[in-house]
Amino acid sequence: MPKPAASADALDQPLLQRIAAQGGVKRYPAHAVIINEGDTADTLFIVLSGRVKVYAANEAGKEVIITTHGAGEYVGELALDGGVRSASVMTMEPTTCSLVTAANLRAFITAHPDFAQHLIHKLIKRVRQATDSVKSLALQDVYGRVVGLLQQLAPGDDSAPRVVTERLTQQDIAERVGSSREMVSRIFKDLVAGGYVRSEAGRITLLKKPPAAW
């Protein structure tokens, strides 16, 4: 089994192996939709390798990325209540998942309280992220949302250059903050010119703390 990437949300290897063993393994190519918004939630997807994005889209095709997950993480927790999916999930690269049915998931939670605790902490984090997202959309302009996203994804403090952990294009950022690529491009141009940000081959580095307002 591929070793998951280090992540605060990733399961530790022994627990990952135990929960993954409850389902069948399936491989997906890049850009495959594995969960559709509105479908019945009946399966938990354990990401063994690769990366997926959780997103929502309207009928016109406009898309906003809610979050991304890598190896050792999981999506589809709504399988627990048997309701409908609240968002879609697509692979960002070739990805291998273990698919655990809702029945097996409930039985595993009963037998493994350490997984139940991990799940509770993850759901609490999701609620906090959703609250922050609502506040950001309501109270911040696009500049504030872009800078906030970069700071969120770059570990460390403002005393030294910080590298954004994900490789992001300007289109990726636009989809994460609910804006247009053109607006993000203008913001990045100013941040680079001001010496706040460096972007090379999709790798973004925060060189110093960006100003509070654009």
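Refer to the structure above for everything that follows.
What you see is a predicted model; the values in this text were computed from it and never measured.

Side note on the sheet that holds strand S3 (residues 43-49)
Sheet strands associate in pairs through backbone hydrogen bonding, adopting either a parallel or an antiparallel arrangement.
No. 1: Overall, antiparallel pairing links the 4 strands, which are arranged S1-S8-S3-S6 in an open sheet. Only two strands of the sheet have a single partner each, and these edge strands are strand S1 (24-28) and strand S6 (74-75).
No. 2: With 6 bridges joining them, S3 and strand S8 (residues 95-101) adopt antiparallel strand pairing. Counted as the bridge partner of Phe-45 is Leu-99 from S8.
No. 3: Most of the contacts of helix H1 (residues 13-20) go to S3, to which it runs at about 130°, and overall it touches S3 and S8.

Section: the pairing of strand S10 (residues 197-200)
No. 1: The pairing of S10 with strand S11 (residues 203-206) spans 4 bridges and is classified as antiparallel. Residue Val-197 lies in a different strand from S11, and its bridge partner there is Leu-206.
No. 2: Between S10 and S11, which follow one another and run antiparallel, lie 2 residues, and Ala-201 among them has a positive phi close to 50°.

Some words on the sheet that holds strand S2 (residues 33-35)
No. 1: The strand order across the open sheet built from 4 strands is S2-S7-S4-S5, with neighbouring strands paired in antiparallel fashion. In the strand order of this sheet, the two ends are held by S2 and strand S5 (63-70), each with one partner. Here the average twist between neighbouring strands, direction ignored, is 35°.
No. 2: Of the strand pairs in this sheet, S2 and strand S7 (residues 88-91) are connected by 2 bridges, and their pairing is antiparallel.

Section: the nonpolar core
No. 1: One finds Val-146, Leu-150, Val-164, Ile-173, Phe-188 and Ile-204 to be the most contacted residues of the largest nonpolar core, which totals 20 residues.
No. 2: If you list the elements that add at least two residues to this core, you get helix H4 (142-153), helix H5 (170-177), helix H6 (181-193) and S11.
No. 3: Here the element with the most residues in this core is H4; it accounts for 7 residues.
No. 4: If we skip the residues at most four places from it in the chain, Leu-150 touches Val-164, Ile-173, Phe-188, Ile-204 and Leu-206.

Comments concerning the side chain of Arg-145
No. 1: Assignment of secondary structure puts Arg-145 in helix H4.
No. 2: Of the buried charged residues, Arg-145 lacks a salt bridge, with Asp-141 as the closest side chain of opposite charge at 6.5 Å.
No. 3: Discounting residues that sit within four places of it in the chain, Arg-145 has contacts with Ser-136, Leu-137, Gln-140, Val-177 and Gly-178.

What to know about the packing of aromatic side chains
No. 1: For the coordinates displayed, the defined rule picks out 3 aromatic pairs.
No. 2: Feature note: the residues Tyr-74, Phe-108 and Phe-115 constitute an aromatic cluster, connected by ring pairs.
No. 3: A cation over an aromatic ring shows up here: Lys-53 above the ring of Tyr-55, its NZ or CZ 5.5 Å from the ring centre.

Here is what the cut-offs are and how they apply
- Residues numbered from 1 in each chain as written.
- Predicted model: local features only at pLDDT ≥ 70, side-chain atom pairs only at ≥ 80, totals over all residues.
- Heavy atoms only, no water.
- Pairing = 2+ DSSP bridges.
- Helix = DSSP H or I, 4+ residues; strand = E, 2+ residues; numbered from the N terminus.
- Contact = heavy atoms within 4.5 Å.
- Axes fitted to C-alpha atoms, helices over the stretch in contact; angles between N-to-C directions.
- Core = buried A, V, L, I, M, F, W, Y, C linked by side-chain atoms within 4.5 Å.
- Buried < 20%, exposed > 50% of the residue type's maximum accessible area, 1.4 Å probe, protein only.
- Lys, Arg positive; Asp, Glu negative; His and termini not counted.
- Salt bridge = Lys/Arg side-chain N within 4 Å of Asp/Glu carboxyl O.
- Phe/Tyr/Trp six-rings, centres within 6.5 Å; stacked < 30°, edge-to-face > 60°.
- Lys NZ or Arg CZ within 6 Å of the ring centre and 35° of its normal.

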